[in-house]
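Notes for the structure review
Each chain is listed here by its residues.
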Amino acid sequence: MKALARHTDQKWVLLYVERWLEAPMLMADGSLVPRVKGTPQGSPISPVLANLFLHYGFDAWMARVFPAVRFERFADDVVIHCVSESHARDLREALARRLVEVGLELHPDKTKVVYCKDSNRRGNYEQVSFTFCGYTFRPRKAMNKRQGVAFTSFLPAVSPGKLSEMSHRAASWRLHRRTNMTLTGLATEVNPVIGGWLAYYTAFYPSAVDPLCKRMDRHLVRWARWKYKRLEHSDPRARMWLQGVRTREPELFAHWRHNALPR
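Model, not experiment: these values are computed from the prediction.

Details of the sheet that holds strand β7 (residues 149-158)
What the 3 strands build is an open sheet, ordered β5-β6-β7; its pairing is antiparallel. For this open sheet the edge positions go to β5 (130-132) and β7, each flanked by a neighbour on one side alone. Along the sheet, successive strands turn relative to each other by an average axial angle of 50°, direction set aside. In terms of strand pairing, strand β6 (residues 135-144) meets β7 through 10 bridges, oriented antiparallel. The partner of R140 across the bridge, within β7, is S153.

Quick look at the structure:
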């Protein structure tokens, strides 16, 4: 509330936010549990208030105490760039003390010191990867196009968890049962979601989303087998049929646009 008061003098805003924070939590059994701290989990106002709180609790503190250290923060996920392991551990201790001052604590399992290993960095360390905003950063194979030589770089790609989450979401659509629809109708329905995923998760290392594209094609092959009697007993024939559609209409599905056929 103190942080909020720095940004507005509108009494109705302060009143309603305070009521929101103090409202009891309704449990599944119908009971009401009083709340004395924090923001209500899952409420629409929580992300705004959490960002406001952490702006003063973390961002401003970092700028004041560690002005030369770069970091990125998205909600309560933070990546801090350090020049050495000892630097990282010292900063972690200082950050833990700071969070205690503002009533927070570092997550004991998720807070890690990560070694960003690549071809130019020697040594072996236990933690060589981390996930941030749905991307997993870790050592990956890269290619020097000028010299045609493979090397190891520390790069982001869609996280395995997000890839699995998207695959499960696509499976939940049960496309094979929608035999009353045309292929164009299916594309119209799924493209906004698939296109949104690909727009975000192909910004780096786009080949990492290829398994999702292949799974979507498997769903479409199954749809074709349920839709057309001449295809229902032959998976290879259904695949050939879908390949023919894709050759004629390569822009029909969002994942076809991403994973274009070779010309």
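A word on the packing of helix α7 (residues 210-227) against helix α8 (residues 235-248)
Geometrically, a packed helix pair is captured by the angle between its two axes and the distance between the axes. Their axes nearest at 9 Å, the elements α7 and α8 cross at an angle of 110°. In terms of axis orientation, α7 runs roughly perpendicular to α8. Helix-helix and strand crossings are classified by hand; for α7 and α8 the assignment is right-handed. Contacts between α7 and α8 pair D217, R218, L220, V221, W223, A224 and R225 from the former with D235, A238, R239, W241, L242 and R246 from the latter.

Quick word on helix α3 (residues 46-65)
With 20 residues, α3 extends 27 Å between its outermost C-alpha atoms, agreeing within 8% with the 28 Å of an ideal straight helix rising 1.5 Å per residue. At H55, α3 shows its largest kink, close to 45°. S46, L49, L52, L54, G57, F58, D59, W61 and M62 are the residues of α3 that are buried. Lining the buried residues of α3 we find α1 (2-5), α2 (11-22), β3 (71-74), β4 (77-80) and α4 (85-101).

Basis of the calculations
- Residues numbered from 1 in each chain as written.
- Predicted model: local features only at pLDDT ≥ 70, side-chain atom pairs only at ≥ 80, totals over all residues.
- Heavy atoms only, no water.
- Pairing = 2+ DSSP bridges.
- Helix = DSSP H or I, 4+ residues; strand = E, 2+ residues; numbered from the N terminus.
- Axes fitted to C-alpha atoms, helices over the stretch in contact; angles between N-to-C directions.
- Parallel < 35°, antiparallel > 145°, perpendicular 65-115°, else oblique.
- Left-handed = near helix turned anticlockwise from the far one by under 90°.
- Contact = heavy atoms within 4.5 Å.
- Expected span 1.5 Å × (residues − 1).
- Bend = angle between axes of the 7 residues up to and from the residue.
- Buried < 20%, exposed > 50% of the residue type's maximum accessible area, 1.4 Å probe, protein only.

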